[in-house]
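Okay, here's what each chain looks like letter by letter:
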Amino acid sequence: MATVKIKQVGSPIRRPESQRKILIGLGLNKMHKVVERQDTPEVRGAIAKIPHLVQVVD
């Protein structure tokens, strides 16, 4: 299955708790950290909810 690389570009400080939980669910917790996840609708939905905090990397 295809994968997608996600990079955290925004800080969760002063963000709602739900957005922080989405970051943790994706496996992100530090600035500029990159994780590789399977490209599923669930992961794409999580990315869509916090586009100001994450970036899809090639």
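Coordinates for the structure precede this section.
Within each chain, residues carry numbers counting from 1 in the order of the written sequence. Residues qualify for local features only when their pLDDT is at least 70, as the model is predicted, and side-chain atom pairs are given and counted only at 80 or more; totals for whole chains, interfaces and linings, by contrast, use all residues. The basis for every side-chain value is the complete set of non-hydrogen atoms in the structure, without hydrogens or water.

1. Details of unusual backbone geometry
- At R14, a residue that is not glycine, the phi angle is positive and equals roughly 65°.
- Runs of H or I in DSSP of at least four residues are treated as helices and runs of E of at least two as strands, each being numbered from the N terminus. With respect to the helices and strands, the residue R14 is situated in the loop between β1 (3–8) and α1 (17–26).
- Relative accessibility decides the category of a residue: with a 1.4 Å probe and only protein chains considered, values under 20% of the type maximum give buried, values over 50% give exposed, and everything between is partly exposed. Since its relative accessible area comes to 79%, R14 is described here as exposed.
- Here H32, not a glycine, exhibits a phi torsion of approximately 65°, which is positive.
- Tracing the sequence through the fold places H32 in the loop between α1 and β2 (34–38).

So, to be careful, I would describe these as geometric facts and stop short of saying anything about function.
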